[in-house]
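Here is how the chains run, residue by residue.
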Amino acid sequence: MTDPAPPAHLTISAFASASRLSVKALRLYDELELLPPARIDEQSGYRLYSPAQLPDARLIARLRGLGLPLADIRRVLEAPAADRPELLRSLWAQQRAEHARREELARFILCQLQGETTMPNHAAQTRSVPAQQVATLTRRVSVAELPAAIGAGLRELHKQLAAQGAAPTAAPFVIYHGEVNADSDGPIELCQPYAGALQPTGELTLREEPAHHEAFVTLTQAEFQFPSILSAYDDAESSARAHGESGPLHCREVYPDDWDRLNEDDVAGEVAWPYTPR
């Protein structure tokens, strides 16, 4: 007696049982086009899955167990089989780095809640910044993408200026128009003050950054690292509030030197917080 042939398709309940994914998860993965059913019955509207989809379903479950975001899981599924191991190594390394970042942030928050501090107090200064013509690029980024996005964006601005014969007139800076965290991607605006003839091309925007006052703290390259930089933002904001009121301009980071040529103990830039004097 021969064994019965496996079913051509499985209902969503049967597929959920076989894959160890919940029906709710399968519906979500269908909506996201991460794991759509093999077909949908025209009469009943039921989702029907092929047994051949089980390996991908189980892979999704295991990758979710690692805490990988759905976007990263999609990258693994869409990659050729031979490329999947190296891609997963890279994604898992990013996960470990993110976990370490969260551990540092947790320690920082706990110290604040307990009235302790392991971070240096920065001596904030104030200054008046004249109006400037700036060339800008706007980016929406994740926390992991932020350092590379800043470096690439500032290099692109310098390239654009050089190509059109314009010259930098002051240090570039990065304006944070919104938080960059797990729930928010900014945006950030990379700005290069300039003089000379310059035309907007592609993503390049030209505008005037208005004159303003700002409180700022100077940091070494090591102090720019997260979460050490959070105390710099706190100190700059506290100084700004002591001298004036919050205005329409957003906080920013100023980078007067070539980051890649600096050592950890070298002065690398500033955190600045604009304010309107009382």
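None of these values were measured; they are calculated from a predicted model.

1. Regarding the overall build of the protein
Within the protein one finds seven helices and 15 strands. A compact globule built from 278 residues would reach a C-alpha radius of gyration of about 19 Å, whereas the protein, at 26 Å, exceeds it by more than 25%. With the C-alpha coordinates of the protein rotated into their principal frame, the extents come out at 90 × 50 × 35 Å. For the protein, buried positions account for 37% of its 278 residues. In the protein, once contacts between residues fewer than 6 apart in sequence are set aside, the share between residues at least 24 apart is 70%. Accessible surface, the protein as shown: approximately 16,200 Å² in total, 53% of it carbon and sulfur.

2. Observations regarding the UniProt feature "domain: HTH merR-type" (unreviewed entry) in the protein
The UniProt record annotates "domain: HTH merR-type" (unreviewed entry) at residues 9-79. The distance from the first to the last C-alpha atom of residues 9-79 is 25 Å, and the span holds 54% helix and 10% strand.

3. Quick word on helix 6 (residues 146-164)
Relative to the 27 Å expected for 19 residues at 1.5 Å per residue, helix 6 spans 27 Å between its end C-alpha atoms, a close match to the ideal helical length. Looking only at helix 6, the buried set comprises Leu-146, Ala-149, Ile-150, Gly-153, Leu-154, Leu-157, Gln-160 and Leu-161. Projected onto a plane normal to the axis of helix 6, the buried residues spread over an arc of 125° and lie on a single side. Along helix 6, the residues that are exposed and aim more than 90 degrees away from the buried face are Pro-147, Ala-148, Arg-155, Lys-159, Ala-162 and Ala-163. Packed against the buried residues of helix 6 are strand 5 (132-139), strand 6 (167-168), strand 7 (173-176), strand 8 (180-181), strand 10 (188-195) and strand 14 (252-254). Once helix 6 ends, the next one or two residues include Gly-165, with phi positive near 80°.

4. Here we look at the packing of helix 1 (residues 12-19) against helix 2 (residues 23-31)
The contact between helix 1 and helix 2 brings their axes to 9 Å, and the two run at 105°. Overall, the two elements helix 1 and helix 2 adopt an arrangement that is roughly perpendicular. Residue-level inspection shows Ile-12, Ser-13, Phe-15 and Ala-16 of helix 1 in contact with helix 2, the latter providing Val-23, Leu-26 and Arg-27.

5. Here we look at a nonpolar patch on the surface
A contiguous nonpolar patch, built from Ile-109, Leu-110 and Leu-113 and spanning about 310 Å² of accessible area, is present on the exposed surface. Considering the arrangement of structural elements, one finds Leu-110 in helix 5 (residues 84-113). Owing to a relative accessible area of 45%, Leu-110 belongs among the partly exposed residues under this scheme.

Definitions and cut-offs
Residues numbered from 1 in each chain as written. Predicted model: local features only at pLDDT ≥ 70, side-chain atom pairs only at ≥ 80, totals over all residues. Heavy atoms only, no water. Helix = DSSP H or I, 4+ residues; strand = E, 2+ residues; numbered from the N terminus. Rg over C-alpha atoms; globule rule 2.2 N^0.38 Å. Buried < 20%, exposed > 50% of the residue type's maximum accessible area, 1.4 Å probe, protein only. Contact = heavy atoms within 4.5 Å. Areas by Shrake-Rupley, 256 points an atom, 1.4 Å probe, with all protein chains shown as cover. UniProt positions renumbered as here; feature names shortened; annotations may be inferred. Expected span 1.5 Å × (residues − 1). Arc of directions from axis to C-beta. Axes fitted to C-alpha atoms, helices over the stretch in contact; angles between N-to-C directions. Parallel < 35°, antiparallel > 145°, perpendicular 65-115°, else oblique. Patch = residues over 30% accessible without salt bridge, like charges linked within 9 Å, V, L, I, M, F, W, Y side chains within 5 Å. Salt bridge = Lys/Arg side-chain N within 4 Å of Asp/Glu carboxyl O.

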